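# Results of the structural survey
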Amino acid sequence: AVFPLRSLAREITVVSYAFHSFFPRCHTGFKGIWGSGLSISAQLGVRDSNEASWTQVVDVLEYMSDATTVPILLDADTGYGNFNNARRLVKKLEQRGVAGACMEDKLFPKTNSLLDGRAQPLADIEEFALKIKACKEAQTDPDFCIVARVEAFIAGWGLDEALKRATAYHEAGADAIVMHSKRSDPQDIQTFMEAWNNKGPVIIIPTKYYTTPTQQFRDWKCSMVIWANHNVRASVAAMQDTTKTIYEQQSLTAVEPKVVPVKELFRLQNDKELSQAEERYLPKK
């Protein structure tokens, strides 16, 4: 599947995210899927600090890719090491039909960008640009996308540093730039987009500045919006509420109307295909 980066300059693309193989089947019309690092690590029960190995992440992505024809962009953290780790990751993602990888310019092991009061050391610009170049030269599928995520604002730097990094990664061959910010308003994004002047596609992740109307992102010529982690947060809220209710009431009566029927799980698992295959390939008694 081809991630919808090739037409980004024409119309903003809105992308939802997934963290296991059920969620790609719940994309409900989105043109792409974000393989969220925070959400995948949460599913595995570990912290978003590269505690899950890249091979464990790729295993999750293989199931996700098998479950959908919608293109998947992996949140690939820092590329799990230097240029050599990153380019090997690209090859393994291509083999599994993943459409692209987004790598951030921080040090391995990464620190989640939204954690309060944590140091966010950035990678050397030249080293990260060469990592992007290595990944682009390693890919064999011409449609595979390498996205460079700029963490300058997250680390407390200003517009000049963000522009310098974005320009270097764009010139190194990145198919798009993610400009990240954890402000509750979109000021970082607005000032960057005005200065960037549409040099190349820009992706944003408005987890913190979620009250900003999407039309403003269109007006600023943002190319893609990623809604990055709300499905897993919604899932946690639903599981906590359901578990609490069952424990307190010692009954399923109150929760049954609020959950999907078991048949919906069978549908998402594509059980119908197996039933048809059994009719075709198992001997008749």
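Residues numbered from 1 in each chain as written. Predicted model: local features only at pLDDT ≥ 70, side-chain atom pairs only at ≥ 80, totals over all residues. Heavy atoms only, no water.

### Quick word on the environment of Asp188
Definition in use: Helix and strand labels come from DSSP, where a helix needs a run of H or I of at least four residues and a strand needs a run of E of at least two; each type is numbered from the N terminus. Relative accessible area decides the class of each residue, using a 1.4 Å probe on protein chains only: under 20% of the type maximum gives buried, over 50% gives exposed, and in between gives partly exposed. Here, residues are in contact when the closest pair of their heavy atoms is within 4.5 Å. Pairs of N or O atoms are called polar contacts if they sit within 3.5 Å, as long as, within protein, a hydrogen donor faces a hydrogen acceptor (for residues adjacent in sequence, only side-chain-to-side-chain pairs).
Inspection of the secondary structure puts Asp188 in helix 6 (residues 187-196). Classification of Asp188 by relative accessible area gives buried; the value is 14%. Residues contacting Asp188, with those up to four places away along its chain left out, are Phe153, Ser181 and Arg183. Engagement of the side chain of Asp188 in a polar contact is seen with the side chain of Ser181, the distance being 2.8 Å.

### Concerning empty space enclosed by the protein
What counts, and what does not: Cavity and pocket criteria rest on a 1 Å grid covering protein atoms alone: a 1.4 Å probe that fits but cannot get out defines a cavity, protein on both sides within 12 Å along at least 5 of 7 lines defines an open pocket, and an atom within 4 Å of a point defines a lining residue. Grid points are joined across faces, edges and corners, and a volume is the space filled by probe spheres set on the points. Charged means Asp, Glu, Lys or Arg here, nonpolar means Ala, Val, Leu, Ile, Met, Phe, Trp, Tyr, Cys or Pro, and polar covers whatever is left, Gly included.
Applying the stated criterion across every chain yields a total of two cavities of 30 Å³ or more. When its volume is computed, the largest cavity comes out at roughly 170 Å³. Residue lining of the largest cavity: 15 residues in total, with Leu38, Asp75, Asn112, Arg149 and His180 positioned closest to the centre. Of the residues belonging to the lining of the largest cavity, the class tally is five nonpolar, six polar and four charged. In this model, the second largest cavity occupies a volume close to 90 Å³. Lining the second largest cavity are 15 residues, and of these Gly37, Ser41, Val57, Asp77 and Tyr80 lie nearest its centre.

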